[in-house]
Amino acid sequence: MPKVYAMIADGTEEVECLAVVDVLRRAGIDTPIVSVGGNQITGSHGIKITADLTANNAEFTSCDMIFLPGGMPGATNLASCASLMRGIADALNSGKRVAAICASPAVVLGENGFLRGKKAICYPGFENGLNGAEVMRGARVVTDGNITTARGPGCSLELGLELAALLAGKSKAEQIKAAMQF
C-alpha cells in the first residue's frame, strides 16, 4: 500500500490538507498527518488539527510521497523545517513523488530550488517564488514528472484525485470521484 506523508504546520490551510487526506484515504492510501511542530497545530482559519506523528519522528524514506498543503504562514513554517527539506530532497533524488498546493509550490519547493526545469502552478501572486519553473498560468493541477502542484483551496479535491490516480490508479480515482459526486 502506498504511503503519503501529509505535512502540517501552524498556519496550514485546513481545507487543502484535509480534503486531500480524505481523498487519499478513500483510495486506500496510508496517509498519516505529520506536523513540523507539536502534535496539534492551529490552521490558518483557527481550526485545530491533531497530527499522527511529528517530522522529528517521521521516516521520510518510508513514504512514497510527501504532500505539502499551503496557507500562510503554514508554507513558511513547513519551509523552515530542516528534516522536511532533507526529506523532500531525498524523495526527489530517489524518484519519489512530492505534491504541493497554494503557497507551498513557491515557498517550499520553488524557493528551495526543487522546481528547476519543471512545469508548476501555485496560488496567484506567489509565482515569483516558482524559481526555475515554467509557470502554467490558468492550470489548476499540474503534474510534471514526480512533482504535482495545484493552485489553491478550490483545487483541493482535484489535487486529491490526481494524487489518487498517480498512486492507486486512474480507475480507483474515477470510482472515488463518482462516489463523491464530483
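Residue indices begin from 1 for each chain and proceed along its sequence in written order. Per-residue local features of the predicted model are confined to residues with pLDDT of at least 70, and side-chain atom pairs are confined, for both listing and counting, to 80 or more; whole-chain, interface and lining totals are unaffected and use all residues. As a convention, hydrogens and water are excluded, and side-chain values are obtained from all of the structure's heavy atoms.

Undergrad: I tried to follow the packing of aromatic side chains on my own but got confused; where do I start?
TA: The description of an aromatic ring pair uses the distance of the two centres, along with the angle that the planes make with each other. Stacked, edge-to-face and tilted labels apply to pairs of Phe, Tyr and Trp rings (six-membered ring for Trp) whose centres lie within 6.5 Å, assigned for plane angles under 30 degrees, over 60, and everything in between, in that order. Evaluation of the coordinates by the stated rule reveals two aromatic pairs. With a centroid separation of 5.6 Å and an interplanar angle of 80°, the aromatic rings of Tyr-5 and Phe-60 are classed as edge-to-face. Here Tyr-5 is found in strand β1 (residues 4-8), whereas its partner Phe-60 is found in the loop between β5 (53-54) and β6 (65-68), with 55 residues between them in sequence. Just as Tyr-5 is buried, Phe-60 falls in that class too. Only DSSP runs of H or I covering at least 4 residues are called helices, and only runs of E covering at least 2 are called strands; the numbering of each starts at the N terminus. Buried means the residue's accessible area, taken with a 1.4 Å probe over protein chains only, is under 20% of the maximum for its type, while exposed means over 50%, and partly exposed covers the values in between.

Undergrad: So what exactly am I meant to see when it comes to the layout of surface pockets here?
TA: In this approach, a probe sized like a water molecule rolls over the atoms, and the result shows the empty space that is left. As defined here, a cavity is a set of points on a 1 Å grid over the protein atoms alone where a 1.4 Å probe fits but cannot get out. A pocket is an open set with protein on both sides within 12 Å along at least five of seven lines, and residues line them when an atom is within 4 Å of a point. Grid points are joined across faces, edges and corners, and a volume is the space filled by probe spheres set on the points. Put simply, the largest pocket is a space of about 200 Å³. In this structure, the largest pocket is lined by Val-141, Glu-158, Leu-161, Glu-162, Ala-165, Lys-170, Ala-173, Glu-174, Lys-177 and Phe-182. Gly is put with the polar residues, along with every residue not named as nonpolar or charged; the nonpolar set is Ala, Val, Leu, Ile, Met, Phe, Trp, Tyr, Cys and Pro, and the charged set is Asp, Glu, Lys and Arg. Broken down by class, the residue content of the lining of the largest pocket amounts to five nonpolar, no polar and five charged.

Undergrad: For this particular structure, what's the right way to read the packing of helix α1 (residues 14-26) against helix α5 (residues 156-168)?
TA: Packed helices, taken two at a time, are described by the angle between their axes plus the distance between the axes. For helices, the axis comes from a line fit to the C-alpha atoms of the stretch in contact; other axes are also lines fit to C-alpha atoms, and the angle between any two N-to-C directions lies between 0 and 180 degrees. Across the interface, α1 lies against α5 with an axial gap of 8 Å and an inter-helix angle of 35°. Relative to α5, the crossing made by α1 is right-handed. Of the residues in α5, those in contact with Val-15, Glu-16, Ala-19, Val-20, Val-23 and Leu-24 of α1 are Ser-156, Leu-157, Leu-159, Gly-160, Leu-161, Leu-163 and Ala-164. Looking at the contact of α1 with α5 residue by residue, the class counts come to ten nonpolar, two polar and one charged. Less than a right angle of anticlockwise turn of the near helix away from the far helix marks a crossing as left-handed, whereas a clockwise turn marks it as right-handed. In this description, contact between two residues means that some pair of their heavy atoms is separated by no more than 4.5 Å.

Undergrad: Explain the pattern of salt bridges here, please?
TA: If the charged atoms of two oppositely charged side chains come close together, the side chains can form a pair. One side-chain nitrogen of Lys or Arg within 4 Å of one carboxyl oxygen of Asp or Glu is enough to make a salt bridge. In this structure the tally under the stated criterion is four salt bridges. One salt bridge in this structure joins Arg-25 and Asp-52, with 3.3 Å as the shortest N-O distance. You can see Arg-25 sitting in helix α1 and its partner Asp-52 sitting in the loop between β4 (48-50) and β5, a full 27 residues away along the chain. For Asp-52, a relative accessible area of 48% corresponds to the partly exposed category. A salt bridge links Glu-158 to Arg-140, with the shortest nitrogen-to-oxygen separation between them at 2.5 Å. Placement of the pair is Glu-158 in helix α5 and Arg-140 in the loop between β9 (134-135) and β10 (141-144), with a sequence separation of 18 residues. Of the residues examined, Glu-158 reaches a relative accessible area of 24% and is grouped as partly exposed.

Undergrad: Would you mind showing me how to read the side chain of Ser-83 here?
TA: Relative to the assigned elements, Ser-83 resides in helix α3 (residues 82-93). Take Ser-83: its relative accessible area is 15%, and that puts it in the buried class. Not counting residues within four places of it along the chain, the set of residues in contact with Ser-83 comprises Ala-55, Asn-56 and Phe-60.

Undergrad: Looking at this structure, how should I read the pairing of β10?
TA: If a strand is regular, its side chains alternate between the two faces of the sheet. The pairing of β10 with strand β11 (residues 147-150) spans four bridges and is antiparallel. Note on β11: the bridge partner recorded for Thr-143 is Thr-148. Being paired, for any two strands, means DSSP has found at least two bridges between them. What sits between the antiparallel neighbours β10 and β11 is a turn of two residues, in which Gly-145 has the positive phi angle 65°.

So far we have only geometry, and geometry alone does not tell us how the molecule works.
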